[in-house]
Amino acid sequence: MWRLHRAAVACEVCQSLVKHSSGIKGSLPLQKLHLVSRSIYHSHHPTLKLQRPQFRTSFHQFSSLTNLHLRKLKLSPIKYGYQPRRNFWPARLAARLLKLRYLILGSAVGGGYTAKKTFDQWKDMIPDLSDYKWIVPDIVWEIDEYIDLEKIRKALPNSEDLAKLAPDFDKIVESLSLLKDFFTTGHKLVSEVIGASDLLLLLGSPGETAFRATDHGSESDKHYRKVTDKEKIDQLQEELLHTQLKYQRILERLEKENKELRKLVLQKDDKGIHHRKLKKSLIDMYSEVLDVLSDYDASYNTQDHLPRVVVVGDQSAGKTSVLEMIAQARIFPRGSGEMMTRSPVKVTLSEGPHHVALFKDSSREFDLTKEEDLAALRHEIELRMRKNVKEGCTVSPETISLNVKGPGLQRMVLVDLPGVINTVTSGMAPDTKETIFSISKAYMQNPNAIILCIQDGSVDAERSIVTDLVSQMDPHGRRTIFVLTKVDLAEKNVASPSRIQQIIEGKLFPMKALGYFAVVTGKGNSSESIEAIREYEEEFFQNSKLLKTSMLKAHQVTTRNLSLAVSDCFWKMVRESVEQQADSFKATRFNLETEWKNNYPRLRELDRNELFEKAKNEILDEVISLSQVTPKHWEEILQQSLWERVSTHVIENIYLPAAQTMNSGTFNTTVDIKLKQWTDKQLPNKAVEVAWETLQEEFSRFMTEPKGKEHDDIFDKLKEAVKEESIKRHKWNDFAEDSLRVIQHNALEDRSISDKQQWDAAIYFMEEALQARLKDTENAIENMIGPDWKKRWLYWKNRTQEQFVHNETKNELEKMLKCNEEHPAYLASDEITTVRKNLESRGVEVDPSLIKDTWHQVYRRHFLKTALNHCNLCRRGFYYYQRHFVDSELECNDVVLFWRIQRMLAITANTLRQQLTNTEVRRLEKNVKEVLEDFAEDSEKKVKLLTGKRVQLAEDLKKVREIQEKLDAFIEALHQEK
């Protein structure tokens, strides 16, 4: 307490010296005091201006002493009114020692304050380098593995040891107090000496303002009253804007430097100098989560509530320009008044060393610093949009995913939607307006989606459509950010600038928002660069009346501030919602797994892709099994199929006309001519068709026949589709017919039967063919005449009138054949008249055409029975054949014909079998592989061909697991970044 009392007495003495002493000549003006002193003690001085620390273009090492310069002032000699006659040196010594205490305490306080303020200035100027920790080598982060910091810490002296080395300031102060008490008799004189000495020696220190402020306080108050509040606000607003622009320039310069550093690091990585794993960025992980979610739930319903920045606005309102300013590249196709955004474009912005863009489904990188790559990127986006738009439509809901990386980009995911229109113009689909509204609502109904509402400032706000739509989806404005574009045109053309302020503040229409921003996106020239637009924007707002008149705040202007605000809002919503979504998908996964265990306990959870791979292997195995078919089996089925195809032509067009001739010479001549014509025109083509159909039948048999317990009917649709498509693509070799024609012609020319076994085989073949024709003929006659008496009695069936007439005609014709068994194949006209009259005599009216039709079947049956009887006679005719039927009443030329046909069939089957096994099976296998590859790339085909509850359940389970894993990885990375 006594120390405080002494200090108070000393201060009173000092003040009295300053006010009343006539020994001090001249006074220091306030302007010569230091800036910090003026700002603390003279806040109302008229010459004072609020000066903020200027940003330095480069870092310098400096301290508070270099920042605050001490000046030595020339002082006029001090004259005291009382001069002691003797030199009282103990009093002088005590005064100096007491003054030392105040010097130490004052310097400590002033120096501490100055050091703290200087440190805060340094801290504000240093950028946040937390995102660039990867530049530091791994050895720095792992230094504790190589150096034992704990041993070093233990080796250093502790705070108690260091305190012992420091001087005991309490003892020093106590000694000085004792000296002061010793000279109590000279207290008044000591106080005067201390006051004068402090005044002389501390003028250059921060403490001088405590005295100077008392002299000029009244004068500064007078000057301050002359400065109006409006001028002060305008001055502060202008300085704030300049400071913000300077800060942005410094950030841009730092970003460029960072980009160059990252390039150098990546170049070292390419050369193998610095190998290390680069983790996937946080925004890329989040973008992958959104991509998986869009595949899982394309309708964006309650399953998908993760944040996106949805960019909506009227057509030509400047949505694309705002996105390009945020992405720092002209990446979107442009058109004057034409709708260019025809489908949603999801743009994932992330920070990277190079300014590049790439699509989700492509590995090509577009260098956004090169104009040719920018043009190629715009063209590719336009092509993808037109590809997504179906025929008869104008817009499409299918999303195009684009990643843009570059230095200084704010990390977020934006979705650019087609512009909202009011009227459907010519060339558009009639439902274009409704489709755009439905797409916009589908994205905006997500409760965590950030709606970036773009409004054209150069047109009347009443003409806007999007504001009503946004108000419906977000009536309280809790996730809407309003952006007014083309402010330069608005300020130039709008007669009332306050109207812009009303729009920005949301007072002109009933739409609420989290924030309101005003931007300028260029002068309307599509060839402007991003740098030129940014400079133009900064220059406009620097001179804009909207800022100078306080209609807009500094943080509400420029696309740079907009991107920062949107990014902050985006990540805030991500952190708030991602864990909730992860929990939701965990519950969904548990439900799906439980359902699978209850319904399919013994089956693996295979999705469509895995099921397709399994089916693909089965189909290829079945195709390979075609090559394992025995040659005997191929030849048997080929010969049988070919005979079924040509038997009618052989019997009806070759054998029967030749057999009805009068002698063997005419028979052989007729047969040779008809065989030659048949071989040249029809037979090779028929043979190739039979071979191709046989291959199809065998392939289908292998594909569709059940495999027992291993058969899975879920693959039936897919196998059928693969079979049909493969057969459709397969074409038989065109050269096969030419070579086959020669072989068949040579086989039919050969008439030499070498042994009895071949003769008997030909007779057997002939009997089978004739019996089959006889059976068909009898069935035709039975259908013609109706049921016989046995069927009529047993099955209570009756003949129709037509069948009755046919039956009577048949009986009359059979009587004629019994009378003349050698009757030719055709009826004469008089014979037809005779038959008709005989029937009329019995009361049966008959038409001549009916008589001819009935005669054809009756004579055919008679001829076939006669031919079969002739076959039995020819069984013993091989001996006569060897003698060329010389001196023999038995002629078996028909047996030779059937032997030629049978041999031709065998040779043709053998030739086709060789072509099948050597060529066509391999070509078919190749076609099957191509079809399977095409189906593998067509997701719609797989969804259509692999259906069922089991497939859908496995598909949902796989996607939910993938989403949950990606969400967990993203949450872990998000916590690590914190």
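Keep in mind that what you see is a predicted model, and the values were worked out from it rather than measured.

Chemist: Hey, could you run me through the pairing of strand β7 (residues 450-456) in this one?
Modeler: With seven of seven residues buried, β7 is to be regarded as a mostly interior element. Residues I450, L452, I454 and D456 line one face of β7 and the alternating positions I451, C453 and Q455 line the opposite face, and both faces are buried. Where strand β1 (residues 309-313) and β7 come together, five bridges link them in parallel fashion. Opposite G313, over in β7, you have I454 as the bridge partner. Both β7 and strand β8 (residues 480-485) contribute to a ladder of six bridges, which runs parallel. If you follow I454 over to β8, its bridge partner there is V483.

Chemist: How should I be thinking about the packing of helix α24 (residues 631-659) against helix α25 (residues 664-681) in this particular structure?
Modeler: Between two packed helices, what matters for the description is the angle formed by their axes and the separation of those axes. Put simply, α24 and α25 touch, their axes get as near as 8 Å, and they point 150 degrees apart. It follows that α24 is roughly antiparallel to α25 by the angle criterion. In the packing of α24 onto α25, the handedness of the crossing is right-handed. Where α24 approaches α25, its residues V646, H649, V650, N653, I654, P657, A658 and A659 are matched on the opposing element by F667, T670, V671, K674, L675 and W678. Split into classes, the residues belonging to the contact of α24 with α25 amount to 10 nonpolar, three polar and one charged.

Chemist: Looking at this model, I keep getting lost on the side chain of K723. Mind explaining?
Modeler: Turning to its location among the elements, K723 is positioned in helix α27 (residues 716-729). Residue classification places K723 among the buried positions, given a relative accessible area of 12%. Contacts of K723, omitting those with residues within four sequence positions, involve F699, S700 and M703.

Chemist: For this particular structure, what's the right way to read the sheet that holds strand β2 (residues 345-351)?
Modeler: Think of a sheet as strands paired side by side through backbone hydrogen bonds, with each pair either parallel or antiparallel. Strand order in the open sheet formed by nine strands is β4-β3-β5-β2-β6-β1-β7-β8-β9, with mixed pairing between adjacent strands. Each having just a single partner strand, β4 (366-367) and β9 (515-518) make up the two edges of the open sheet. In this sheet, β9 lies alongside β8 in parallel orientation, the contact comprising four bridges. Each residue of the ladder has a partner; that of F482, found in β9, is Y516. With respect to the sheet, helix α14 (residues 319-327) is in contact with β1, β2, β5 (400-406), β6 (412-416), β7 and β8, its orientation differing from that of β6 by roughly 160 degrees. Sheet contacts for helix α15 (residues 371-388): β2, β3 (356-359), β4 and β5; angle to β5, the most-contacted strand, approximately 160 degrees.

Chemist: What is the right way to read the packing of aromatic side chains from this model?
Modeler: The way to describe two aromatic rings as a pair is by their centre distance and the angle between their planes. Applying the stated criterion to the full structure yields 17 aromatic pairs. Taking the centre distance of 5.1 Å and the plane angle of 70 degrees together, the rings of F540 and F541 count as edge-to-face. An identical accessibility class is assigned to F540 and F541; each is buried. Ring geometry for F570 versus W571: centroids 5.3 Å apart, planes at 80 degrees, classification edge-to-face. Here the two residues F570 and W571 agree in accessibility, since each one is buried. One aromatic cluster is present, built from ring pairs that chain together W643, Y655, F765, W855, Y859, F863 and F898. The ring of F359 has R384 lying over it, and the distance from NZ or CZ to the ring centre is 4.0 Å. Geometry around F702 places R701 over its ring, the cationic atom sitting 4.6 Å from the centre.

Chemist: For this particular structure, what's the right way to read the pairing of β1?
Modeler: Moving residue by residue along a regular strand, the side chains alternate between the two faces of the sheet. The element β1 is extensively covered by neighbouring structure, given that five of its five residues are classed as buried. By the alternation rule, side chains of β1 split into V309, V311 and G313 and V310 and V312, which are all buried. Relative to β6, β1 runs parallel, the two sharing three bridges. Bridging from a neighbouring strand, V310 pairs with V415 of β6.

Chemist: Looking at this model, I keep getting lost on the state of the cysteines. Mind explaining?
Modeler: Cysteine pairs can be covalently joined through their sulfur atoms, and such a bond is termed a disulfide. A full pass over the atoms with the stated rule returns one disulfide. There is no disulfide at C871, and the cysteine sulfur nearest it, in C874, is 6.5 Å away. Looking at C871, the relative accessible area reads 0%, which means it is buried.

Chemist: Any chance you could explain the packing of α24 against helix α35 (residues 893-937) here in plain terms?
Modeler: Relative to each other, α24 and α35 sit at 140 degrees, their axes nearing to 8 Å. Taken together, the axes of α24 and α35 are oblique relative to one another. The interaxial crossing formed by α24 with α35 has right-handed handedness. Among the residues forming the contact of α24 with α35, the class breakdown is 18 nonpolar, five polar and three charged.

Chemist: In this structure, what is going on with the nonpolar core? I would like to understand it.
Modeler: The nonpolar side chains of a soluble globular protein tend to be buried, and buried together. With 102 residues, the main nonpolar core has W643, Y655, W678, W759, I901 and V928 as its most contacted residues. It is α35 that contributes the most residues to this core, 17 residues altogether. Apart from the residues lying within four places of it in its own chain, the contact partners of W643 are V650, F765, A769, F898, I901 and L905. In terms of nonpolar packing, the next biggest core, distinct from the first, is built from 67 residues, V519, W571, V574 and L592 among them.

Chemist: Can you walk me through the environment of L469 in this structure?
Modeler: Topologically, L469 is positioned in helix α17 (residues 466-473). Residue L469 is classed as buried on the basis of its relative accessible area, which comes to 2%. Sequence-wise, L469 and K441 are 28 residues apart; in three dimensions their C-alpha atoms are separated by 8.2 Å.

Chemist: Which parts of the structure should I look at to understand the environment of N927?
Modeler: Structurally, the position occupied by N927 is in helix α35. Of the residues examined, N927 reaches a relative accessible area of 11% and is grouped as buried. Residues N927 and R729, 198 residues apart in the sequence, show an inter-C-alpha distance of 6.9 Å. Not counting the four nearest positions on each side in its chain, N927 is found in contact with S726, R729 and H730.

Chemist: Even after reading the chapter, I still don't get the pattern of salt bridges, so can you show me in this structure?
Modeler: Note that side chains of opposite charge can pair when their charged atoms are close. Applying the stated criterion across every chain yields a total of 39 salt bridges. Residues R645 and E689 are paired through a salt bridge, measuring 3.3 Å at the closest nitrogen-oxygen approach. Linking R645 in helix α24 with E689 in helix α26 (residues 683-704), this pair joins segments that are 44 residues apart in sequence. Residue classification places R645 among the partly exposed residues on the basis of a relative accessible area of 31%. Residue class for E689 comes out partly exposed when judged on its relative accessible area of 31%. Between K723 and E720 there is a salt bridge; the shortest N-O distance is 3.1 Å. With a gap of three residues between them, K723 and E720 both fall in helix α27, about one helical turn apart. Several salt bridges converge on common partners, so that one network encompasses R589, E593, E605 and R961.

Chemist: Would you take a moment to explain α27 for this structure?
Modeler: For the α-helix, the turn length of 3.6 residues means that residues three or four positions removed from each other point alike. Between its first and last C-alpha, α27 extends 20 Å over 14 residues, near the 20 Å set by a 1.5 Å rise per residue. Listing the buried residues of α27 in full gives L718, K719, A721, V722, K723, S726 and I727. Buried residues in α27 make contact with α23 (608-625), α26, α35 and α36 (939-945).

Chemist: Where do I start with a negative patch on the surface in this structure?
Modeler: A contiguous patch of negative charge, built from E962, E965, D968 and E972, is present on the exposed surface. Within the secondary structure, E962 sits in helix α37 (residues 949-977). Note on E962: relative accessible area 32%, which makes it partly exposed.

Chemist: Is there a simple way to explain the side chain of K810 in this structure?
Modeler: Turning to its location among the elements, K810 is positioned in helix α31 (residues 801-819). Judged by its relative accessible area of 9%, K810 is buried. Setting aside its immediate chain neighbours within four residues, K810 contacts I781, I785, T854, V858 and R861.

Chemist: Mind showing me how you'd approach helix α32 (residues 829-841) here?
Modeler: In this model α32 runs 18 Å from its N-terminal to its C-terminal C-alpha over 13 residues, within 8% of the 18 Å that 1.5 Å per residue would give. Every buried residue of α32 is listed here: I832, V835 and L839. Down the axis of α32, the smallest arc covering the buried residues is 65 degrees, so these residues share one side. Exposed side of α32, more than 90 degrees from the buried face: S829, K837 and S841 are the residues found there. The elements touched by buried residues of α32 are α31 and α33 (848-874). Taken from the residues just after α32, G843 is the one with a positive phi, measuring 85 degrees.

About the criteria used
Residues numbered from 1 in each chain as written. Predicted model: local features only at pLDDT ≥ 70, side-chain atom pairs only at ≥ 80, totals over all residues. Heavy atoms only, no water. Buried < 20%, exposed > 50% of the residue type's maximum accessible area, 1.4 Å probe, protein only. Helix = DSSP H or I, 4+ residues; strand = E, 2+ residues; numbered from the N terminus. Pairing = 2+ DSSP bridges. Axes fitted to C-alpha atoms, helices over the stretch in contact; angles between N-to-C directions. Parallel < 35°, antiparallel > 145°, perpendicular 65-115°, else oblique. Left-handed = near helix turned anticlockwise from the far one by under 90°. Contact = heavy atoms within 4.5 Å. Nonpolar A, V, L, I, M, F, W, Y, C, P; charged D, E, K, R; others polar. Phe/Tyr/Trp six-rings, centres within 6.5 Å; stacked < 30°, edge-to-face > 60°. Lys NZ or Arg CZ within 6 Å of the ring centre and 35° of its normal. Disulfide = S-S within 2.5 Å. Core = buried A, V, L, I, M, F, W, Y, C linked by side-chain atoms within 4.5 Å. Salt bridge = Lys/Arg side-chain N within 4 Å of Asp/Glu carboxyl O. Expected span 1.5 Å × (residues − 1). Patch = residues over 30% accessible without salt bridge, like charges linked within 9 Å, V, L, I, M, F, W, Y side chains within 5 Å. Areas by Shrake-Rupley, 256 points an atom, 1.4 Å probe, with all protein chains shown as cover. Lys, Arg positive; Asp, Glu negative; His and termini not counted. Charge placed at Lys NZ, Arg CZ, Asp CG, Glu CD. Arc of directions from axis to C-beta.

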